[in-house]
Amino acid sequence: MATSGAGEGCSSLNGIVSETEHKIMTDLPAELLEYILCCPVLKHVDICNVSCSCKRLQDVCHGMGKVWGHQYKLRWPRLQKHYRQNECCDWLKEYRTRHTVGLQIRQTVVSISKRFFTEVPCVGQVLGDSFAEIESLGAPEHFCEDELLSILNSDRRKSLTLKYYAKKILYFLRQQNILRSLKMFLEQPAEQQSALEGAVLVDQYCNPLADVSLDGISSQLEEITDKVKKMLRMKNSSHPSLRVTQGDCFAVEDFELQRQVVVALNAVLYEQLQYKGNECDYYNPLNSYIHQVLLRRTGIPISLSVLYMTLARKLGVQLEPVNFPNHFLLRWCQHQSGSGDIYDFVYIDAFGKGKQLTAKECEYLIGHQVTADYYSAISTTEVLLRMVGNLLNIGKRGEGNEKSYQLLRDSLDLYLTINPDNVQYLLLQARLYFHLGIWPEKVLDILQHIQALDPSQHGAVGYLVQHTLEHIQHKKHPVEPEVKRRSAPEHVEVQYSVGLIMKHKRSGYNCVIYGWDPKCTMSQEWITTMGVHQLSSGANQPFYNVLVQDGTCRYAAQENLEPHSAPLEIAHPEVGRYFSEFHESHYVANEELETRYPEDMAETLGTVRDLYHRLTASSGQASGQQENPNGHGGSSQDQKSQENQDTMPM
């Protein structure tokens with residue numbers, strides 16, 4: 001880049017011709033060069049090429065300068081929150097590290113996809129070696145998370161398998177961070193532990209992919225507090241709670257002033273904002289998550305009590321949690337000096353719209369008498385154990401699907417973090433992992449811990465140890481997966497193929513095929529229970545493994561399925577485990593699934609072309625005219641770990 005004067009040369013007044021003036025890009029000031037090189041169209045490759053062209057541009061593109069800082073911020077905008085404004089940083093080094101971490105993360109995700117296709121994924125079981133390499137880079141954790149989020153936020157219909165495992169890894173990594181935070185929380189002195197902060201940590205652990213933070217929850221509570229203050233101001237403009245600012249710690253001593261706070265709080269929470277106990281859907285786990293309680297304005301006694309108690313304390317009224325059986329309560333002391341007599345307290349039912357009860361009325365609430373111990377105040381740790389125990393019981397009540405198993409795993413992790421020596425729940429965790437067939441090495445560690453705590457459990461421990469060792473030995477000699485070719489004579493009756501979007505003729509649900517068998521392979525007990533003999537072809541017909549729109553996995557008879565007339569995406573959490581993308585009217589099998597059904601994708605493409613493309617063409621000629629599907633198909637995966645959960649022949 002050069003400019004010259006108006007002519008090749010110019011004459012001076014004395015007749016001497018001066019030398020032609022030439023200016024090149026590198027003569028420009030450094031600030032201007034930086035401005036030019038920060039043009040948004042330039043990528044990191046362009047900057048590398050420019051910096052290699054000459055010493056001057058190499059100096060302008062130094063690692064600490066604006067050029068690489070601009071490249072870094074342009075490529076990874078989410079990471080800016082981790083840097084202070086105008087922070088002096090070696091941006092080139094940061095760029096290289098982040099780029100390297102990104103490549104390593106993607107390799108890890110792909111490797112997990114290949115290793116875990118045939119079994120229930122337990123990410124923590126395999127991340128050790130892979131993430132040791134990433135940790136050796138000395139990169140901050142948010143680099144890993146940013147790359148995983150980049151994968152998840154890419155084209156919605158593509159890279160489904162990559163997203164499936166990226167989501168599981170992100171889930172695991174965030175949970176590990178939350179567990180560390182929970183352990184630090186539990187190490188604090190009891191008087192410094194906040195029930196709200198503990199409830200948020202429980203919420204975050206069970207919902208690691210949701211945007212839940214203590215700051216966000218506290219901000220919402222401040223808004224409710226402001227509404228209560230507004231209500232208070234109307235009744236008593238000189239109330240001391242009105243002078244309190246966020247973060248202040250104080251207590252209102254006068255009982256009449258306390259009563260005014262409680263009345264205003266009830267009016268705002270239950271009348272104005274319409275909070276209520278969720279009697280209709282009591283066992284929904286969302287009732288236990290504080291961010292969902294605020295969003296849906298409903299919950300169970302303990303979650304509403306944590307909310308109520310936190311708001312009251314912000315306004316100067318000290319309430320205490322009471323671990324009352326079957327119905328969590330708060331107690332409000334009516335004596336300034338405090339008291340140990342249960343009749344010196346008013347008990348508040350946050351689930352019952354803040355109703356105030358006497359000790360005797362509390363017993364009427366649950367229908368039987370209890371000892372005085374149940375009226376005692378409990379610690380924040382005990383509040384969390386009760387909250388997590390509720391989630392654990394909901395998980396045990398579940399239907400045996402992936403969602404209930406995940407809730408059971410999460411709640412057990414939390415419970416044993418708070419109370420690590422509970423033999424009952426340690427044994428439950430070992431049995432759960434053994435039942436799911438995951439992480440046998442961890443099962444052995446748990447069993448060893450149980451044996452050390454309680455030698456009387458040697459019978460149950462011995463049984464699980466024996467079978468876990470057999471499982472580990474079996475994994476050392478994996479069986480080659482069965483390959484199903486539809487061209488084989490025994491598969492001649494299989495009409496449909498993996499990836500096709502289907503509709504159930506009788507139940508009406510939408511689904512996608514991810515596997516098939518030429519005949520029903522379920523047990524005789526299952527066949528009888530599901531009434532397979534009532535079908536015209538009974539069990540002697542092809543059966544298909546399908547992922548259903550409602551999140552279940554089912555086993556459907558061929559005579560009950562038909563290609564969907566207007567195929568749409570199936571919002572099932574396991575879609576990415578089997579398919580790499582959704583392509584207009586069907587799913588494309590990923591590499592692992594295609595290996596097991598090598599001839600199915602060609603059949604799927606033929607069916608799609610014959611059915612939907614011809615249908616589109618004919619509908620353009622005659623409205624409402626449709627063509628009957630006549631294609632073949634059939635392919636998926638022969639996994640039975642999920643099939644047995646909700647499988648139906650219907």
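Read on for a plain summary of the structure.

Reading the values: rules and limits
Residues numbered from 1 in each chain as written. Predicted model: local features only at pLDDT ≥ 70, side-chain atom pairs only at ≥ 80, totals over all residues. Heavy atoms only, no water. Helix = DSSP H or I, 4+ residues; strand = E, 2+ residues; numbered from the N terminus. Expected span 1.5 Å × (residues − 1). Buried < 20%, exposed > 50% of the residue type's maximum accessible area, 1.4 Å probe, protein only. Contact = heavy atoms within 4.5 Å. Polar contact = N/O pair within 3.5 Å; in protein donor to acceptor, adjacent residues only side chain to side chain. Pairing = 2+ DSSP bridges. Axes fitted to C-alpha atoms, helices over the stretch in contact; angles between N-to-C directions. Phe/Tyr/Trp six-rings, centres within 6.5 Å; stacked < 30°, edge-to-face > 60°. Lys NZ or Arg CZ within 6 Å of the ring centre and 35° of its normal. 1 Å grid on protein atoms, 1.4 Å probe; cavity = no way out; pocket = protein on both sides within 12 Å on 5 of 7 lines; lining within 4 Å. Points joined across faces, edges and corners; volume = space filled by probe spheres on them. Nonpolar A, V, L, I, M, F, W, Y, C, P; charged D, E, K, R; others polar.

1. Here's the deal with helix α11 (residues 255–272)
In this model, α11 (18 residues) spans 24 Å end to end at C-alpha, consistent with the 26 Å of a helix rising 1.5 Å per residue. Among the residues making up α11, those that are buried are L257, Q258, Q260, V261, V262, A264, L265, N266, A267, V268, L269 and Y270. In the core, the buried residues of α11 are packed alongside α10 (214–235), α13 (301–314), β8 (329–333) and β10 (355–357). Of the residues flanking the start of α11, the one acting as N-cap is D254, its side-chain oxygen 3.0 Å from the backbone nitrogen of E256. Just past α11, the residue Q274 takes up positive phi, approximately 65 degrees.

2. A few points about the sheet that holds strand β9 (residues 345–349)
The strand order β7-β8-β9-β10 describes an open sheet built from four strands, whose pairing is antiparallel. Either end of the sheet is taken by a strand with one partner, and the two such strands are β7 (320–322) and β10. Going across the sheet, the axis of each strand differs from the next one's by a mean of 40 degrees, ignoring polarity. Packed onto the sheet, α11 meets β8 and β10 and runs at close to 155 degrees relative to β8.

3. Focus on the sheet that holds strand β15 (residues 561–563)
Taken in spatial order, the five strands of this open sheet run β14-β13-β12-β11-β15, and their pairing is antiparallel. Strands with a single pairing partner mark the edges of an open sheet, and in this sheet they are β14 (553–557) and β15. Averaged over all pairs of adjacent strands, the angle between strand axes in this sheet comes to 50 degrees, irrespective of strand direction. Pairing geometry for strand β13 (residues 543–548) and β14, over five bridges, is antiparallel.

4. Section: the packing of aromatic side chains
One pass over the structure, following the stated rule, counts 21 aromatic pairs. Where Y72 meets W76, the ring centres are 5.4 Å apart and the plane angle is 65 degrees; that geometry is what we call edge-to-face. Since its relative accessible area comes to 0%, Y72 is described here as buried. Overall, the relative accessible area of 5% leaves W76 in the buried class. One aromatic cluster is present, formed by W68, Y72, W76, Y83, W91 and Y95 through successive ring pairs. Here the guanidinium or amino end of R409 rests over the ring plane of Y433, the centre of that ring lying 5.7 Å away.

5. Quick word on empty space enclosed by the protein
One way to see where empty space is left: roll a probe the size of a water molecule over the atoms. With the rule as written, the count across this model stands at one cavity of 30 Å³ or more. The calculated volume of the largest cavity comes to roughly 40 Å³. If you list the elements that add at least two residues to the lining of the largest cavity, you get α17 (423–436), α18 (440–453) and α19 (458–476). Here the residues of the lining of the largest cavity are counted per class, giving five nonpolar, three polar and no charged.

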